[in-house]
Amino acid sequence: ANVRDAACYLCWSFARTYEPEQVAPFVRTIASTLILTTLFDRHTGCRRAASAAFQENVGRQGSFPHGIDILTTCDYYAVALQSNTYHKLSVLVASYEPYGKPIVDHLAEVKVRHWCPTIRKDASIALGLLCTILPDYISSHVLPLLLSSRNWGLQL
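A few points on the structure. (Residues numbered from 1 in each chain as written. Predicted model: local features only at pLDDT ≥ 70, side-chain atom pairs only at ≥ 80, totals over all residues. Heavy atoms only, no water.)

## Concerning the nonpolar core
Part 1 of the reasoning: Membership of the largest hydrophobic core comes to 43 residues, with the highest contact counts inside it found for F54, I103 and L107.
Part 2 of the reasoning: For this core, the elements supplying multiple residues, two or more each, are helix 1 (2–17), helix 3 (27–40), helix 4 (44–61), helix 5 (67–73), helix 6 (82–94), helix 7 (97–109), helix 8 (117–130) and helix 9 (135–147).
Part 3 of the reasoning: Broken down by element, the residue count for this core peaks at eight residues, all from helix 3.
Part 4 of the reasoning: Beyond its immediate chain neighbours, meaning those up to four positions away, F54 contacts A31, L34, I35, F64, G67, I70, L71 and Y99. (Core = buried A, V, L, I, M, F, W, Y, C linked by side-chain atoms within 4.5 Å. Buried < 20%, exposed > 50% of the residue type's maximum accessible area, 1.4 Å probe, protein only. Helix = DSSP H or I, 4+ residues; strand = E, 2+ residues; numbered from the N terminus. Contact = heavy atoms within 4.5 Å.)

Put into structure tokens, the structure is as follows:
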């Protein structure tokens, strides 16, 4: 958790150190990564650190897609409960164009195979809720991944 928290601090410091023109080529990657950490990190402190870094970047860089809308939903208190981030916030954030597919991919590729049963369950519930937002993407990309035998190490 300490390394992830430090990485969030680094992203927070980018907003204060670099001009928007210097960060512009990396905005999408930084924004998506901070959103994934805000929504899905196991530790509350890391979720809150990522939320703060996202907020700082929205305020200083001004080019994070849908930044203000996301800030008002993914604030310090909203990210405190893990079930809230998986079941509610992830659905709200995924409705904004640049974040939906990375959220779905992260859930399908990382979180449904997590060692913690609670995270696997929350990820499964979130994917089910996200079917209403990205049905075509989930049916064409995620279902084949989840059903493939190599993904689970099974012989079908």
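Still more to cover.
## Remarks on the side chain of T38
Part 1 of the reasoning: Secondary-structure assignment places T38 in helix 3.
Part 2 of the reasoning: For T38, the side chain forms a polar contact with the main-chain oxygen of L34, separated by 2.7 Å.
Part 3 of the reasoning: Residue contacts for T38: discarding those within four places in its chain leaves R47, A50, S51, C74, V79 and T85. (Polar contact = N/O pair within 3.5 Å; in protein donor to acceptor, adjacent residues only side chain to side chain.)

## Thoughts on the packing of aromatic side chains
Part 1 of the reasoning: Inspection of every chain in the model, using the stated rule, returns five aromatic pairs.
Part 2 of the reasoning: Its guanidinium or amino end placed over the ring of Y76, R48 lies 3.9 Å from that ring's centre, counting from NZ or CZ. (Phe/Tyr/Trp six-rings, centres within 6.5 Å; stacked < 30°, edge-to-face > 60°. Lys NZ or Arg CZ within 6 Å of the ring centre and 35° of its normal.)

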